[in-house]
Amino acid sequence: MKPFAYLRAGSVEEAVRAAAGQPGARFLAGGTNLVDLMKQGAETPRTLIDIGRLPLDRIEELPGGGLRVGALVRNADLAAAPAVRDRYPVLSQALLAGASGQLRNAATTGGNLLQRTRCTYFQDTSKPCNKRDPGTGCPAIEGHHRELAVLGHSDHCVATQPSDFAVALAALDATVHLRGPEGERTVPAADFHRLPGDTPERDTELRLGELLTAVDLPPPVPGTRSRYRKARDRASYAFALASVAAVLGVRDGTVEHAALAFGGLAHRPWRARAAEDVLRGAPATKDTFARAADAELAAARPLRDNGFKVPLARALAVGVLADLAARG
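No experiment lies behind these values; they were computed from the predicted model shown.

Asks: I'd love a proper account of the sheet that holds strand E3 (residues 47–50), names of residues and values included.
Replies: Strand order in this open sheet of three strands is E1-E3-E2, and the pairing throughout is parallel. Lying at the two open borders of the sheet, with one neighbouring strand each, are strand E1 (5–8) and strand E2 (25–28). With direction set aside, neighbouring strand axes in the sheet form an average angle of 25°. With four bridges joining them, E1 and E3 adopt parallel strand pairing. Of the residues in E3, the one forming a bridge with Leu-7 is Ile-49.

Asks: For the pairing of strand E6 (residues 175–180), give the residues involved together with the corresponding values.
Replies: Note: E6 against strand E7 (residues 183–188), six bridges, orientation antiparallel. Counterpart to His-177 in the pairing with E7 is Thr-186. Taking the residues between adjacent antiparallel strands as the criterion, E6 and E7 are bridged by two residues. Two strands pair when backbone bridges link them, and E6 and strand E8 (residues 211–217) are joined in this way by five bridges, in the antiparallel orientation. Paired with Arg-179 across the bridge in E8 is Leu-211.

Asks: Explain the pattern of salt bridges to me, and be specific about the residues and the numbers.
Replies: Tallying each qualifying case throughout the model produces 24 salt bridges. For Arg-280, the salt bridge goes to Asp-277, with nearest N and O atoms at 3.4 Å. In this structure Asp-277 comes out as exposed when scored by relative accessible area, which is 55%. Measuring nitrogen to oxygen at the nearest pair gives 2.6 Å for the salt bridge that ties Asp-294 to Arg-314. Highlighted residues: Asp-294 in helix H12 (residues 286–297) and Arg-314 in helix H13 (residues 309–327), separated in sequence by 20 residues. With relative accessibility at 37%, the residue Asp-294 sits in the partly exposed group. The class for Arg-314 is partly exposed, based on a relative accessible area of 33%. A network of salt bridges, in which partner residues are shared, links Asp-173, Arg-271, Arg-273, Glu-276, Asp-277 and Arg-280.

Asks: Help me get a handle on the nonpolar core, residues and values and all.
Replies: Among the nonpolar cores identified, the biggest contains 39 residues, and Leu-91, Leu-113, Leu-169, Leu-212 and Leu-217 are the most heavily contacted of them. By residue number, the principal contributor to this core is helix H9 (residues 164–171), which donates seven residues. Ignoring any residue separated from it by four or fewer positions in sequence, one finds Leu-169 in contact with Leu-91, Leu-113, Ala-174, Ala-189, Val-215 and Leu-217. Core analysis: the next-biggest nonpolar cluster, separate from the first, contains 33 residues, Ala-231, Ala-246, Ala-272 and Ala-293 among them.

Cut-offs used in this document
Residues numbered from 1 in each chain as written. Predicted model: local features only at pLDDT ≥ 70, side-chain atom pairs only at ≥ 80, totals over all residues. Heavy atoms only, no water. Pairing = 2+ DSSP bridges. Helix = DSSP H or I, 4+ residues; strand = E, 2+ residues; numbered from the N terminus. Axes fitted to C-alpha atoms, helices over the stretch in contact; angles between N-to-C directions. Salt bridge = Lys/Arg side-chain N within 4 Å of Asp/Glu carboxyl O. Buried < 20%, exposed > 50% of the residue type's maximum accessible area, 1.4 Å probe, protein only. Core = buried A, V, L, I, M, F, W, Y, C linked by side-chain atoms within 4.5 Å. Contact = heavy atoms within 4.5 Å.

What follows is the structure in structure tokens.
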């Protein structure tokens, strides 16, 4: 463990000022990802700014039927909240699919979104990694990459974003609230995480000193149902090989509303815009759902050992959409 300074912030403003004034500072909440990476040597912050006692742990009703979720709301509490279970089942299901009960009791809304997009090479400091040490290379491309990206990757990184929660937020058109030295701003959840390009060390759109303070969920679209489904190697302690978050509205056998996002396939949750274009106004049939999935996954570029992810994601999408249509 390398030495670091520790500061407990008394307010959001104090936390932001401290982060802006100390290069290499990181915010600490539940610590379920950051502390592990520090122990491995993959993360070496100079200062930890503890935000665990800030008043960001509430779920609040918004005008019109939406919800605001504070950055320090625990994953277990959010998954169990009646308003979330009733209005946003896809979100509750995604949270319950992630990690273990013990981790969900500690992990937070903000921390879940900010966990590092990573692979085993990022966590092994004896190996090169462009994400951890830019310019050193990406050994996963020719090495072990079975669980890694088939969409949106680059020659610099093929890691995948592990958050189930973020996939559901992308499908729900949620909004992320950020507070920084220059004030407040919002970013659509579907655009919050970045593709690697030639700067894979940047996981998100966060700027220096910015603190994630809340996530807003818009009111559910009337007449829609939602679901999250995840495929993984084992029932717990495993990230998604592929996952799907879907919101679907069907009237008289025709798709009126469709929102779809894939997890486990890319450096960020993958909002399936091409699939949605096929779905809207089309018959709510398995043939339509298959055509929609194929339209999205046509852009996939599998590596040597992860081509199975494409038919896996296709099957997940078709199955979830068919289930939702049958219930609708």
